[in-house]
Amino acid sequence: MEPLPTSCSADRIPDATGLEAFEAAGKAAKDQRVVFIAVEQQGGLLWTVKADALTAPQHTIDRAVYDAVREAVALLIRAREIRPDSFAGPVDFVLHDVDSEGRARELSP
(Lines give C-alpha, C1' and ligand atoms only; values in the text may rest on other atoms or scores of the structure.)
Protein backbone atom coordinates (compact mmCIF):
# COMPACT_ATOMS: atom_id res chain seq x y z
CA MET A 1 0.00 0.00 0.00
CA GLU A 2 1.35 3.42 -0.94
CA PRO A 3 1.26 6.15 1.70
CA LEU A 4 -1.19 8.97 1.10
CA PRO A 5 0.24 12.38 0.24
CA THR A 6 0.44 14.57 3.32
CA SER A 7 1.11 18.21 3.97
CA CYS A 8 2.97 17.48 7.21
CA SER A 9 5.82 15.03 7.52
CA ALA A 10 5.80 12.65 10.49
CA ASP A 11 8.81 14.32 12.12
CA ARG A 12 6.86 17.61 12.33
CA ILE A 13 3.91 16.12 14.26
CA PRO A 14 4.07 17.60 17.77
CA ASP A 15 4.58 15.53 20.89
CA ALA A 16 1.59 16.58 23.01
CA THR A 17 2.55 14.59 26.10
CA GLY A 18 1.35 16.43 29.19
CA LEU A 19 -1.37 19.01 29.61
CA GLU A 20 0.78 22.03 28.72
CA ALA A 21 2.11 20.44 25.53
CA PHE A 22 -1.36 19.22 24.53
CA GLU A 23 -2.93 22.64 25.05
CA ALA A 24 -0.08 24.37 23.19
CA ALA A 25 -0.41 22.02 20.21
CA GLY A 26 -4.18 22.49 20.14
CA LYS A 27 -3.88 26.27 20.37
CA ALA A 28 -1.28 26.36 17.58
CA ALA A 29 -3.56 24.29 15.31
CA LYS A 30 -6.55 26.49 16.09
CA ASP A 31 -4.57 29.72 15.58
CA GLN A 32 -3.27 28.44 12.22
CA ARG A 33 -6.70 27.04 11.31
CA VAL A 34 -5.19 23.63 10.49
CA VAL A 35 -6.21 20.13 11.52
CA PHE A 36 -4.86 19.23 14.97
CA ILE A 37 -2.65 16.14 14.81
CA ALA A 38 -0.37 15.05 17.65
CA VAL A 39 1.25 12.06 19.31
CA GLU A 40 1.23 11.61 23.07
CA GLN A 41 3.09 9.21 25.34
CA GLN A 42 0.67 7.33 27.55
CA GLY A 43 2.87 6.40 30.44
CA GLY A 44 5.23 3.57 30.00
CA LEU A 45 6.17 2.85 26.43
CA LEU A 46 2.84 3.20 24.63
CA TRP A 47 1.69 6.15 22.52
CA THR A 48 -1.59 7.69 21.38
CA VAL A 49 -2.26 9.44 18.06
CA LYS A 50 -4.91 12.17 18.07
CA ALA A 51 -6.42 14.21 15.25
CA ASP A 52 -9.27 16.71 15.25
CA ALA A 53 -10.54 18.72 12.28
CA LEU A 54 -12.58 21.13 14.40
CA THR A 55 -9.50 23.37 14.65
CA ALA A 56 -9.77 23.91 10.88
CA PRO A 57 -13.34 25.13 10.29
CA GLN A 58 -12.79 25.57 6.54
CA HIS A 59 -11.63 21.95 6.22
CA THR A 60 -14.14 19.31 5.16
CA ILE A 61 -13.61 15.58 5.26
CA ASP A 62 -14.79 13.77 2.16
CA ARG A 63 -16.95 10.72 2.85
CA ALA A 64 -14.54 8.44 0.98
CA VAL A 65 -11.64 9.67 3.14
CA TYR A 66 -13.67 9.18 6.32
CA ASP A 67 -14.59 5.64 5.23
CA ALA A 68 -10.93 4.86 4.43
CA VAL A 69 -9.75 6.13 7.83
CA ARG A 70 -12.45 4.12 9.62
CA GLU A 71 -11.46 0.98 7.72
CA ALA A 72 -7.77 1.57 8.51
CA VAL A 73 -8.58 1.93 12.22
CA ALA A 74 -10.61 -1.30 12.10
CA LEU A 75 -7.71 -3.11 10.42
CA LEU A 76 -5.25 -1.82 13.04
CA ILE A 77 -7.58 -3.00 15.81
CA ARG A 78 -7.95 -6.46 14.21
CA ALA A 79 -4.16 -6.67 13.85
CA ARG A 80 -3.88 -5.74 17.55
CA GLU A 81 -1.68 -2.76 16.73
CA ILE A 82 -4.00 -0.43 18.64
CA ARG A 83 -6.48 -0.82 21.49
CA PRO A 84 -10.08 -1.81 20.65
CA ASP A 85 -11.49 1.46 22.06
CA SER A 86 -9.57 3.47 19.44
CA PHE A 87 -11.95 5.22 17.06
CA ALA A 88 -12.43 7.28 13.92
CA GLY A 89 -15.27 9.76 14.11
CA PRO A 90 -16.52 12.13 11.45
CA VAL A 91 -14.14 14.93 12.52
CA ASP A 92 -11.60 13.27 14.82
CA PHE A 93 -9.76 10.06 15.56
CA VAL A 94 -7.78 8.57 18.44
CA LEU A 95 -5.47 5.56 18.23
CA HIS A 96 -4.58 4.11 21.66
CA ASP A 97 -1.66 1.86 22.65
CA VAL A 98 0.60 2.35 19.64
CA ASP A 99 3.79 0.47 20.52
CA SER A 100 6.37 3.17 19.75
CA GLU A 101 6.73 6.87 19.03
CA GLY A 102 8.03 6.04 15.55
CA ARG A 103 4.97 3.95 14.70
CA ALA A 104 2.67 6.64 16.16
CA ARG A 105 4.33 9.19 13.88
CA GLU A 106 3.93 6.86 10.88
CA LEU A 107 0.20 6.60 11.56
CA SER A 108 -0.34 10.30 12.30
CA PRO A 109 -0.13 12.26 9.03
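Structure report, in brief. (Residues numbered from 1 in each chain as written. Predicted model: local features only at pLDDT ≥ 70, side-chain atom pairs only at ≥ 80, totals over all residues. Heavy atoms only, no water.)

Counting its regular elements, the protein chain contains 3 helices and 4 strands. Taken from N to C terminus, the helices and strands of the protein chain fall in the order α-β-β-α-β-β-α. Computed over its C-alpha atoms, the radius of gyration of the protein chain comes to 13 Å, within 12% of the 13 Å expected for a compact globule of 109 residues. In terms of its C-alpha atoms, the protein chain occupies a principal-axis envelope of roughly 35 × 35 × 25 Å. Looking at the 109 residues of the protein chain, the share that counts as buried comes to 28%. Put simply, 48% of the contacts in the protein chain that link residues at least 6 apart link residues at least 24 apart. Of the charged side chains in the protein chain, 12 are positive and 18 negative, and the gap between their average positions amounts to 4 Å. (Helix = DSSP H or I, 4+ residues; strand = E, 2+ residues; numbered from the N terminus. Rg over C-alpha atoms; globule rule 2.2 N^0.38 Å. Buried < 20%, exposed > 50% of the residue type's maximum accessible area, 1.4 Å probe, protein only. Contact = heavy atoms within 4.5 Å. Lys, Arg positive; Asp, Glu negative; His and termini not counted. Charge placed at Lys NZ, Arg CZ, Asp CG, Glu CD.)

Let us look at a nonpolar patch on the surface. The grouping of Leu54, Ile61, Val65 and Val91 at the surface amounts to a nonpolar patch, some 330 Å² of accessible area in total. Within the secondary structure layout, Leu54 lies in the loop between β2 (47-52) and α2 (63-78). (Patch = residues over 30% accessible without salt bridge, like charges linked within 9 Å, V, L, I, M, F, W, Y side chains within 5 Å. Areas by Shrake-Rupley, 256 points an atom, 1.4 Å probe, with all protein chains shown as cover. Salt bridge = Lys/Arg side-chain N within 4 Å of Asp/Glu carboxyl O.)

Pairing in this open sheet of 4 strands is antiparallel, and the strands run β1-β2-β4-β3 from one edge to the other. Strands at the two margins of the open sheet, each flanked by one partner only, are β1 (36-41) and β3 (87-88). In this sheet, strand β4 (residues 92-98) lies alongside β2 in antiparallel orientation, the contact comprising 5 bridges. Paired with Trp47 across the two strands is Val98, which belongs to β4. (Pairing = 2+ DSSP bridges.)

Turning our attention to the pattern of salt bridges. Applying the stated criterion across every chain, the model contains 9 salt bridges. Between Glu40 and Lys50 there is a salt bridge whose closest N-O contact spans 2.7 Å. Here the residue Glu40 occupies a position in strand β1, and Lys50 occupies one in strand β2, the gap between them amounting to 10 residues. Judged by its relative accessible area of 22%, Lys50 is partly exposed. Linking Glu71 and Arg78 is a salt bridge whose minimum nitrogen-to-oxygen distance equals 3.3 Å.

All right, on to the packing of aromatic side chains then. To describe a pair of aromatic rings, one takes the distance between the centres and the angle between the planes. One pass over the full model with this rule turns up 1 aromatic pair. Ring centres of Phe22 and Phe36 lie 5.5 Å apart, and the angle between their planes is 75°; on these two criteria the pair is classed as edge-to-face. Placement of Phe22 in helix α1 (residues 19-32) and of Phe36 in strand β1 is noted, with a sequence separation of 14 residues between them. Among the residues examined, Phe22 registers a relative accessible area of 30% and is labelled partly exposed. (Phe/Tyr/Trp six-rings, centres within 6.5 Å; stacked < 30°, edge-to-face > 60°.)

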